[in-house]
Amino acid sequence: MTACDVRSDEDVARVFGEVSQAFDGGLDLLVHSVAFAAAEDLEGRFTDTPRDRFWLALDVSAYSLVACARAAEPLLEARGGGAIVTMTYLGGERAVPHYNVMGVAKAALDSSVKYLAWDLGQKNIRVNAISAGPVRTLSARSIAGFPTMEAIVEERAPLHRHIDADDVGAAAAYLLSDEARNVTATTLYVDSGYHAMGL
Ligand SMILES: NC(=O)c1ccc[n+]([C@@H]2O[C@H](COP(=O)([O-])OP(=O)(O)OC[C@H]3O[C@@H](n4cnc5c(N)ncnc54)[C@H](O)[C@@H]3O)[C@@H](O)[C@H]2O)c1
């Protein structure tokens, strides 16, 4: 598989063409796990986000799901339906200091999940999101307030512990499986219950 910059329609078309060739014109599952914002926009004030970097974050982190879902649609349809999962975060629903423009991108992503689920449901294609608690990935470390986010989850989440990438994988395996055949347009929180807390 060759590189794919999700901002490029040509790249997306080429990669899904390669996928089609590799899997005999069909696809069962699509995992969308892509996000980007300029490091300087993940610190300081959201108010100061310039126009070009606002659209950059929205393009890579939210529109890419729409572009990939559209490209995957005929392949998923060829198999009689399938499932799409994307990765979101609570910062799209609530203001999380430092998450800033990425929170706005996640809000657009969350809404896109619902509209895509409506469009694609008639082809038996399900679209869901996993809202994960903080996991120390390369991208996460570029968020200025990340250590604070981790500390607050440990202190205040009902389970008082961090999640790891395997927890997200297990949730994705469920959402992508036939066990979740009647689950679409929803967000599954894998965050030790933190999303339920008011304080
Ligand atoms: N790590 C966390 O705490 C956390 C929590 C909730 C949600 N998420 C979400 O999980 C997803 C994966 O992030 P991660 O934390 O595993 O970090 P990651 O750095 O492993 O993944 C981000 C990926 O996006 C890719 N990417 C960036 N710009 C791209 C572009 N223009 N074209 C194609 N690919 C591009 C990178 O190559 C990378 O593989 C993201 O949507 C992120 O917002 C992460």
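Given the structure is predicted, the values throughout are model-derived calculations rather than measurements.

1. Details of the overall build of the protein chain
Working step 1: A tally of regular secondary structure across the protein chain gives five helices and four strands.
Working step 2: Along the protein chain, from the amino end to the carboxyl end, the secondary structure elements read α-β-α-β-α-β-α-α-β.
Working step 3: For a compact globule of 199 residues, the expected C-alpha radius of gyration is about 16 Å, and the protein chain comes in at 17 Å, within 12% of that figure.
Working step 4: C-alpha atoms of the protein chain, sized along the principal axes, occupy 50 × 40 × 30 Å.
Working step 5: Expressed as a percentage of its 199 residues, the buried residues of the protein chain come to 43%.

2. A look at the sheet that holds strand β4 (residues 187-190)
Picture the strands of a sheet paired through backbone hydrogen bonds; they go either parallel or antiparallel.
Working step 1: What the four strands build is an open sheet, ordered β1-β2-β3-β4; its pairing is parallel. Edge positions in the open sheet fall to β1 (29-32) and β4, since each of these has one partner strand only. Each neighbouring strand pair of the sheet contributes to a mean axis angle of 20 degrees, computed without reference to strand direction.
Working step 2: Two strands pair when backbone bridges link them, and strand β2 (residues 82-88) and strand β3 (residues 125-132) are joined in this way by seven bridges, in the parallel orientation. Following the sheet pairing, V85 is matched in β3 by N128.

3. Comments concerning the side chain of S131
Working step 1: Examined against the element boundaries, S131 turns out to sit in strand β3.
Working step 2: Among the residues examined, S131 registers a relative accessible area of 2% and is labelled buried.
Working step 3: Aside from chain neighbours lying at most four places away, what touches S131 is T88, Y89, L90, T187, L188, Y189, V190 and D191.

4. A look at the environment of A173
Working step 1: Within the fold, A173 resides in helix α5 (residues 165-176).
Working step 2: Judged by relative accessible area, which is 47%, A173 ranks as partly exposed.
Working step 3: Along the sequence, A173 and V85 sit 88 residues apart, while their C-alpha atoms lie 9.6 Å from each other.

5. Structural notes on the nonpolar core
Working step 1: In this structure, F16, L27, I84 and V127 are the most contacted members of the largest nonpolar core, which totals 37 residues.
Working step 2: Here this core takes nine residues from helix α2 (residues 51-78), the largest share from any one element.
Working step 3: Contact partners of L27, with chain neighbours within four places excluded, come to F16, V19, A72, L75, L76, R79 and G81.
Working step 4: In terms of nonpolar packing, the next biggest core, distinct from the first, is built from 12 residues, M87, V168, L175 and V190 among them.

6. Quick look at unusual backbone geometry
Working step 1: The phi dihedral of N124 falls on the positive side, at around 60 degrees, and the residue is not glycine.
Working step 2: By the secondary structure assignment, N124 is in the loop between α3 (100-121) and β3.
Working step 3: Residue classification places N124 among the partly exposed positions, given a relative accessible area of 47%.

7. Some thoughts on α2
Every α-helix carries 3.6 residues per turn, so stepping three or four residues along brings you back to the same face.
Working step 1: Compared with an ideal rise of 1.5 Å per residue, which puts 28 residues at 40 Å, α2 spans 40 Å between its outermost C-alpha atoms and is within 8% of the ideal.
Working step 2: At Y63, α2 is bent by approximately 45 degrees, the largest bend along its length.
Working step 3: Just downstream of α2 lies G80, where phi reads positive at about 80 degrees.

8. Section: the pairing of β2
Working step 1: Among the seven residues in β2, seven count as buried, and that is most of the element.
Working step 2: Residues G82, I84, T86 and T88 point to one face of β2 and A83, V85 and M87 to the other, with burial holding for every one of them.
Working step 3: Handedness of the β-α-β unit built from β1, α2 and β2 comes out right-handed.

Here is what the cut-offs are and how they apply
- Residues numbered from 1 in each chain as written.
- Predicted model: local features only at pLDDT ≥ 70, side-chain atom pairs only at ≥ 80, totals over all residues.
- Heavy atoms only, no water.
- Helix = DSSP H or I, 4+ residues; strand = E, 2+ residues; numbered from the N terminus.
- Rg over C-alpha atoms; globule rule 2.2 N^0.38 Å.
- Buried < 20%, exposed > 50% of the residue type's maximum accessible area, 1.4 Å probe, protein only.
- Pairing = 2+ DSSP bridges.
- Axes fitted to C-alpha atoms, helices over the stretch in contact; angles between N-to-C directions.
- Contact = heavy atoms within 4.5 Å.
- Core = buried A, V, L, I, M, F, W, Y, C linked by side-chain atoms within 4.5 Å.
- Expected span 1.5 Å × (residues − 1).
- Bend = angle between axes of the 7 residues up to and from the residue.
- Right-handed = clockwise from strand over helix to strand, strands pointing away.

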